[in-house]
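# Understanding the architecture of this molecule
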Amino acid sequence: MVVNFKSMLIVAGKITAVLRRIMRWLIISFFSYMAIAVLIQVVGRYVFNYSIDWAAETATFAQIWMILLAAGLAMRSNLHVSVDALTNILPVPILRFLIIVIAVPCLWFLWQAIVGSIVLIDIGQIQTSPVLQIPMWIPYLALPIGLIYFGFELLLSLVVKWKDPKRSVTEIDKLAT
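Here the structure is a predicted model, which means the values were calculated and not measured. (Residues numbered from 1 in each chain as written. Predicted model: local features only at pLDDT ≥ 70, side-chain atom pairs only at ≥ 80, totals over all residues. Heavy atoms only, no water.)

### Some thoughts on the confidence of the model for the protein
Keep this limit in mind: Values of pLDDT, which run from 0 to 100, indicate the predictor's confidence residue by residue. A run of DSSP states H or I qualifies as a helix once it reaches four residues; a run of E qualifies as a strand once it reaches two. Both are numbered from the N-terminal end.
The pLDDT averaged across the protein works out to 86; a share of 91% of its residues lies at or above 70. Here helix α6 (residues 169–176) stands out as the least confident element of the protein, with mean pLDDT 49; helix α4 (residues 137–140) is the most confident, with 93.

The following block contains the structure:
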């Protein structure tokens, strides 16, 4: 059975679009919840003179999830800090070599962080949060999920950069949408 490569790319593109849509809505949801929880905490503390402990704890967990998922979104839009002064000067073969030289340690670091986060999740199975007493593996799960999504977006951006290393940031951003 011969698999049509073009149809595989179309399916992969649709899956990527759905994944990005899910991540975008999760980030928006976590940010919205965090803002509401902090507002509830402030109103409770300063209007009613009563501290609402669960609001601060859940806002912290929402912020952790939001930041780790948004790192992938920032990678997709090429918003992470980078030095691109050499892209207009160096020839394409050298730029492609530099892409590999830079990508290998980045991917290695992500892999190490994912492995370390799995160990942290194992520890989180015996810990509970101070206020709500939820298992800490739930907030810790943000690490591998966020890092895997970040790595996915990094790989996609590397493919785009490999095809045309001299492409501007705005062109890459247009492709990401």
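Now that the structure is up, let's keep going.
### Section: helix α3 (residues 92–124)
Stated precisely, the cut-off is as follows: One fewer than the residue count of a helix, multiplied by 1.5 Å, yields its expected span. Here's how the labels work: a residue is buried when its accessible area is under 20% of the maximum for its type, exposed when over 50%, partly exposed in between, all with a 1.4 Å probe on protein chains only.
Its 33 residues place the ends of α3 47 Å apart at the C-alpha level, agreeing with the 48 Å of an ideal helix rising 1.5 Å per residue. Among the residues of α3, Leu95, Ile99, Ala103, Leu110, Ile114, Ser117, Ile121 and Gly124 are the ones counted as buried.

### Side note on the nonpolar core
Selection criterion: Throughout this description, the term nonpolar core refers to a set of buried Ala, Val, Leu, Ile, Met, Phe, Trp, Tyr and Cys residues connected via side-chain atoms within 4.5 Å. Should any heavy atoms of two residues lie within 4.5 Å, those residues are considered in contact.
Ranked by internal contacts, the top residues of the largest apolar core, which has 14 residues, are Met34 and Leu69. Elements represented by at least two residues in this core include exactly α1 (5–46), α2 (53–76) and α5 (142–163). Per-element accounting of this core gives the leading share, seven residues, to α2. Excluding its chain neighbours within four sequence positions, the residues that come into contact with methionine 34 are Ala59, Ala62, Gln63 and Met66. The next biggest cluster of nonpolar side chains, apart from the first, holds nine residues, and it includes Met75, Ile99, Phe150 and Leu154.

### Structural notes on the side chain of threonine 58
Spelled out, the test is: Polar contacts, as counted here, are pairs of nitrogen or oxygen atoms within 3.5 Å of one another; within protein the pair requires one atom able to donate a hydrogen and one able to accept it, and residues that are adjacent in sequence qualify only if both atoms are side-chain atoms.
Looking at where threonine 58 falls in the secondary structure, it is placed in helix α2. Judged by relative accessible area, which is 15%, threonine 58 ranks as buried. Only 2.6 Å separates the side chain of threonine 58 from the side chain of tyrosine 33, close enough to count as a polar contact. Those residues in contact with threonine 58 that lie beyond four places of it in its chain are Tyr33, Ala37 and Leu132.

### What to know about the environment of methionine 34
Looking at where methionine 34 falls in the secondary structure, it is placed in helix α1. Owing to a relative accessible area of 13%, methionine 34 belongs among the buried residues under this scheme. Distance in space between the C-alpha atoms of methionine 34 and phenylalanine 97 is 42 Å, their sequence separation being 63 residues.

### Overview of a nonpolar patch on the surface
Going by this rule: Only residues above 30% relative accessible area that lack a salt bridge enter a patch, with like-charged residues linked at up to 9 Å and the nonpolar side chains Val, Leu, Ile, Met, Phe, Trp and Tyr linked at up to 5 Å. Accessibility throughout is a Shrake-Rupley quantity obtained with a 1.4 Å probe, and a residue counts as covered only by protein chains that appear here. Each salt bridge in this description consists of a side-chain nitrogen of Lys or Arg and a carboxyl oxygen of Asp or Glu lying within 4 Å of one another.
Together, Tyr33, Ile36, Ile40, Trp54, Val131 and Leu132 make up an exposed nonpolar region whose accessible area comes to about 490 Å². At three residues, the largest contribution of residues to the nonpolar patch is made by α1. Looking at the secondary structure, you find tyrosine 33 in helix α1.

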